[in-house]
Amino acid sequence: MDALNFGVVVFKDAISKKFIWWHFIERKEILAVYKLGFECCLNNGYIIKAVVADGLKGLAKTFTPFQNTKNHPNKAY
């Protein structure tokens, strides 16, 4: 698997700064992976007050309140 077809979706606790959920993906991010992470965090007792993420279509409609990231790392192509 090369770097262009691989990624990680990560959920991070804004208070503790710890990663609380992650999922390795191939090819593209899909909304279902974010929903899976969201449900996993809720089932483990986390209270989600807001979501900050990139501009994947459907995220803003699915999760509220939602904020787009201000900074996005440069892609390493």
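Residues numbered from 1 in each chain as written. Predicted model: local features only at pLDDT ≥ 70, side-chain atom pairs only at ≥ 80, totals over all residues. Heavy atoms only, no water.

### Remarks on the confidence of the model for the chain
- Overall, the predicted model of the chain reaches an average pLDDT of 79, with 74% of residues at or above 70.
- Confidence, expressed as mean pLDDT per element, reaches its minimum in the chain at strand β4 (residues 66–68) with 64 and its maximum at strand β2 (residues 19–26) with 93. (pLDDT = per-residue confidence, 0-100. Helix = DSSP H or I, 4+ residues; strand = E, 2+ residues; numbered from the N terminus.)

### Some remarks on the packing of aromatic side chains
- Under the defined criterion, the tally for this structure stands at three aromatic pairs.
- When the centroid spacing of 5.9 Å and the interplanar angle of 20° are considered together, the rings of F6 and F24 count as stacked. In this pair, F6 is assigned in strand β1 (residues 6–12) and F24 in strand β2, connecting sequence segments 18 residues apart.
- We classify F6 as partly exposed; its relative accessible area is 42%.
- Seen in terms of ring centroids, F11 and W21 are 5.1 Å apart; in terms of plane orientation they differ by 70°. Their pairing is edge-to-face. In this pair, F11 sits in strand β1 while W21 sits in strand β2, placing the two residues 10 residues apart along the sequence.
- On the accessibility criterion, W21 (10% relative accessible area) is buried.
- Of the aromatic side chains, those joined through ring pairs into one cluster are F11, W21 and Y34. (Phe/Tyr/Trp six-rings, centres within 6.5 Å; stacked < 30°, edge-to-face > 60°. Buried < 20%, exposed > 50% of the residue type's maximum accessible area, 1.4 Å probe, protein only.)

### What to know about the side chain of D13
- Here D13 lies in the loop between β1 and β2.
- It turns out D13 is buried and unbridged, and the closest side chain with the opposite charge, K17, is 7.6 Å from it.
- Here the side chain of D13 touches S16 through a polar contact of 3.2 Å, landing on its backbone nitrogen.
- If we skip the residues at most four places from it in the chain, D13 touches K18, I20 and Y46. (Lys, Arg positive; Asp, Glu negative; His and termini not counted. Salt bridge = Lys/Arg side-chain N within 4 Å of Asp/Glu carboxyl O. Polar contact = N/O pair within 3.5 Å; in protein donor to acceptor, adjacent residues only side chain to side chain. Contact = heavy atoms within 4.5 Å.)

### Quick look at the nonpolar core
- If you look at the biggest cluster of nonpolar residues, it comprises 10 residues: V9, F11, W21, I25, V33, Y34, C41, V51, A53 and L59.
- Only β1, β2, α1 (31–43) and β3 (51–53) provide two or more residues apiece to this core.
- Counting residues per element, this core draws most heavily on α1, which supplies three residues.
- Apart from residues no more than four positions distant in its own chain, I25 is found in contact with N5, F6, G7, V8, V9 and V33. (Core = buried A, V, L, I, M, F, W, Y, C linked by side-chain atoms within 4.5 Å.)

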